[in-house]
Amino acid sequence: MVQEAKDDCYQEWYLPAGRMELNESIVEGMRREVKEETGFECSPITLLMVEEHGPRWIRFTFLAEITGGSMKTLENSDSESLQAQWWDRISPLSLRAKDILPLIDSGVKYKEKPWFPPTLPTELPCCAVCQRLMVTFLDSDSNLWLLLGTSDGPHLPITVSNDRCHSIMAATFRLLKECLKLPEVKIKTLGVLGLQHHGKHPGDTDGICFNMLVSVEHTDREVNSSTPPVLLSDKYQWWKVDRQCLKDKLLERCGSNAAVPIYSI
């Protein structure tokens, strides 16, 4: 934990945190903030959680391990923080805000028993905040289907967040509304399988693409569940996954929610 040096929360405690800087990747920003505020160098283990309040406010929480440096003390206090210390989560501590408590709980639970594979951002350029959707349907014969876009060849559908679409999650449902009769299907957003971000060339290639895992099923149990839901547009099609290794991996992720959780707040 770090003790804040800011006037509005002076001497209160919080997790090391901060904003990314221009020309910086997500992981570079995380490492820099930890070093500045705690004195420690660290290496990320996994992206633990994503929280978003529209495309202009996105918080990435990492589980990381110390690789060097030393604990920041009051003798080294500066505008970044006053000091750092370990917290047992029992001893009284004046917190800047309690929103970090669920983040800490998730980190402890993941360390004890990981429920998804280690996931880190991939450094690839992207021009906007967008979602690449992996929409799955499992039929009554245990066949797995994926939703594909058809324009310019089969591909996973992509939807872009913008200021008119308040939430990243809302952008996901906006695309699904375009191709599915929403009252006839039950949609479950399972989380983030991975994300790409470059960080360089601000305003051009420093967008973020979330690879989202979504499952759908028929709302009405009397509907023939051996076929995927009817599509509203020929811009999309269902593709049956025949490769067993790919099918097994997707079913494992769908069945255990084995993906980085994303929350709209």
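Quick caveat: nothing in here was measured; it's all calculated off a predicted structure. (Residues numbered from 1 in each chain as written. Predicted model: local features only at pLDDT ≥ 70, side-chain atom pairs only at ≥ 80, totals over all residues. Heavy atoms only, no water.)

Peer 1: How would you sum up helix α5 (residues 244-256)? Please name residues and give values.
Peer 2: Under the 1.5 Å per step criterion, the end-to-end length of α5 is 18 Å for 13 residues, consistent within 8% with the ideal 18 Å. Every buried residue of α5 is accounted for by Lys 247, Leu 250, Arg 253 and Cys 254. With its buried residues spanning 135° around the axis, α5 presents them on a single face. Summarising the geometry of α5, the exposed residues directed more than 90 degrees from the buried face are Lys 249, Glu 252 and Gly 255. Summarising the contacts, the buried residues of α5 are in contact with β6 (126-138), β7 (144-149), β9 (185-197) and β10 (206-218). (Helix = DSSP H or I, 4+ residues; strand = E, 2+ residues; numbered from the N terminus. Expected span 1.5 Å × (residues − 1). Buried < 20%, exposed > 50% of the residue type's maximum accessible area, 1.4 Å probe, protein only. Arc of directions from axis to C-beta. Contact = heavy atoms within 4.5 Å.)

Peer 1: Which residues make up the UniProt feature "domain: Nudix hydrolase" (unreviewed entry) in the chain, and what values do they have?
Peer 2: With numbering matched to this structure, UniProt assigns "domain: Nudix hydrolase" (unreviewed entry) to residues 1-110. From the first C-alpha to the last, residues 1-110 spans 19 Å; its make-up is 21% helix and 28% strand. (UniProt positions renumbered as here; feature names shortened; annotations may be inferred.)

Peer 1: Account for the sheet that holds strand β4 (residues 58-69), naming residues and giving values.
Peer 2: One open sheet holds the three strands; their spatial order is β4-β3-β12, and the pairing between them is mixed. Strand pairing shows two members of the sheet lacking a second neighbour, β4 and β12 (262-264), which therefore form its edges. On average, each strand axis in the sheet is inclined to that of its neighbour by 35°, with strand direction left out of account. On top of the sheet, helix α1 (residues 26-38) reaches β3 (40-52) and β4; it is set at about 120° to β3, its chief contact. Along the sheet face, helix α3 (residues 168-179) touches β3, β4 and β12 and points at about 100° away from the line of β12. (Pairing = 2+ DSSP bridges. Axes fitted to C-alpha atoms, helices over the stretch in contact; angles between N-to-C directions.)

Peer 1: Can you explain the layout of surface pockets? Please cite residues and give values.
Peer 2: For the second largest pocket, the calculated volume is near 250 Å³. Mapped onto the lining of the second largest pocket, the elements with two or more residues apiece are β6, β9, β10 and α5. Taken together, the residues of the lining of the second largest pocket break down into seven nonpolar, three polar and three charged. (1 Å grid on protein atoms, 1.4 Å probe; cavity = no way out; pocket = protein on both sides within 12 Å on 5 of 7 lines; lining within 4 Å. Points joined across faces, edges and corners; volume = space filled by probe spheres on them. Nonpolar A, V, L, I, M, F, W, Y, C, P; charged D, E, K, R; others polar.)

Peer 1: An account of the nonpolar core is needed here, citing residue identities and associated values.
Peer 2: If you look at the biggest cluster of nonpolar residues, it comprises 39 residues, and the most contacted ones within it are Phe 60, Val 135, Leu 180, Phe 210 and Trp 238. Apart from the residues lying within four places of it in its own chain, the contact partners of Trp 238 are Val 135, Phe 137, Trp 145, Leu 146, Leu 147, Leu 180, Val 216, Pro 228, Pro 229 and Leu 231. Core analysis: the second largest hydrophobic core is formed by nine residues, Leu 93, Leu 95, Leu 103 and Ile 104 among them. (Core = buried A, V, L, I, M, F, W, Y, C linked by side-chain atoms within 4.5 Å.)

Peer 1: Can you lay out the packing of aromatic side chains for me, pointing to particular residues and giving the numbers?
Peer 2: On inspection of all chains with the given rule, the structure shows six aromatic pairs. Plain terms: the ring middles of Tyr 110 and Phe 116 are 4.9 Å apart, the flat faces sit at 50° to each other, and that makes the pair tilted. Under the relative-accessibility criterion, Phe 116 is labelled buried at 3%. Centre to centre, the rings of Trp 115 and Phe 116 are 5.3 Å apart; their planes meet at 85°, and the pair counts as edge-to-face. Taken together, the aromatic side chains of Tyr 110, Trp 115 and Phe 116 make up a single cluster linked through ring pairs. (Phe/Tyr/Trp six-rings, centres within 6.5 Å; stacked < 30°, edge-to-face > 60°.)

Peer 1: Run through α1, naming residues and quoting values.
Peer 2: Its 13 residues place the ends of α1 18 Å apart at the C-alpha level, agreeing with the 18 Å of an ideal helix rising 1.5 Å per residue. Within α1 the residues assigned to the buried category are Ile 26, Val 27, Gly 29, Met 30, Arg 32, Glu 33, Val 34, Glu 37 and Thr 38. Where α1 is buried, its residues touch β1 (2-3), β3, β4, β5 (83-84) and β9. At the exit of α1 stands Gly 39, carrying a positive phi of roughly 90°.

Peer 1: I'd love a proper account of the environment of Arg 132, names of residues and values included.
Peer 2: Within the secondary structure, Arg 132 is located in strand β6. In sequence terms Arg 132 and Asn 211 are 79 residues apart; their C-alpha atoms lie 4.8 Å from each other. Apart from the residues lying within four places of it in its own chain, the contact partners of Arg 132 are Leu 156, Pro 157, Ile 158, Gln 196, Cys 209, Phe 210, Asn 211 and Met 212. Of the polar contacts made by the side chain of Arg 132, one reaches the side chain of Asn 211; its length is 2.5 Å. (Polar contact = N/O pair within 3.5 Å; in protein donor to acceptor, adjacent residues only side chain to side chain.)

Peer 1: Hey, could you go over a nonpolar patch on the surface for me, with residue numbers and the actual values?
Peer 2: A cluster of nonpolar side chains, Trp 57, Tyr 263 and Ile 265, forms an exposed patch at the surface whose accessible area comes to about 310 Å². Assignment of secondary structure puts Tyr 263 in strand β12. Residue classification places Tyr 263 among the partly exposed positions, given a relative accessible area of 42%. (Patch = residues over 30% accessible without salt bridge, like charges linked within 9 Å, V, L, I, M, F, W, Y side chains within 5 Å. Areas by Shrake-Rupley, 256 points an atom, 1.4 Å probe, with all protein chains shown as cover. Salt bridge = Lys/Arg side-chain N within 4 Å of Asp/Glu carboxyl O.)

Peer 1: An account of the pairing of β7 is needed here, citing residue identities and associated values.
Peer 2: By the criterion of burial, β7 is predominantly enclosed, with six of the six residues buried. Residues of β7 alternate between two faces, with Leu 144, Leu 146 and Leu 148 on one and Trp 145, Leu 147 and Gly 149 on the opposite face, all of them buried. Hairpin remark: β6 followed by β7, antiparallel, with five residues in the connecting loop; positive phi at Ser 142, about 65°. Judged from the five bridges that link them, β7 and strand β11 (residues 236-240) form a sheet pairing that is antiparallel. Paired with Leu 146 across the strands is Trp 239, a residue of β11.

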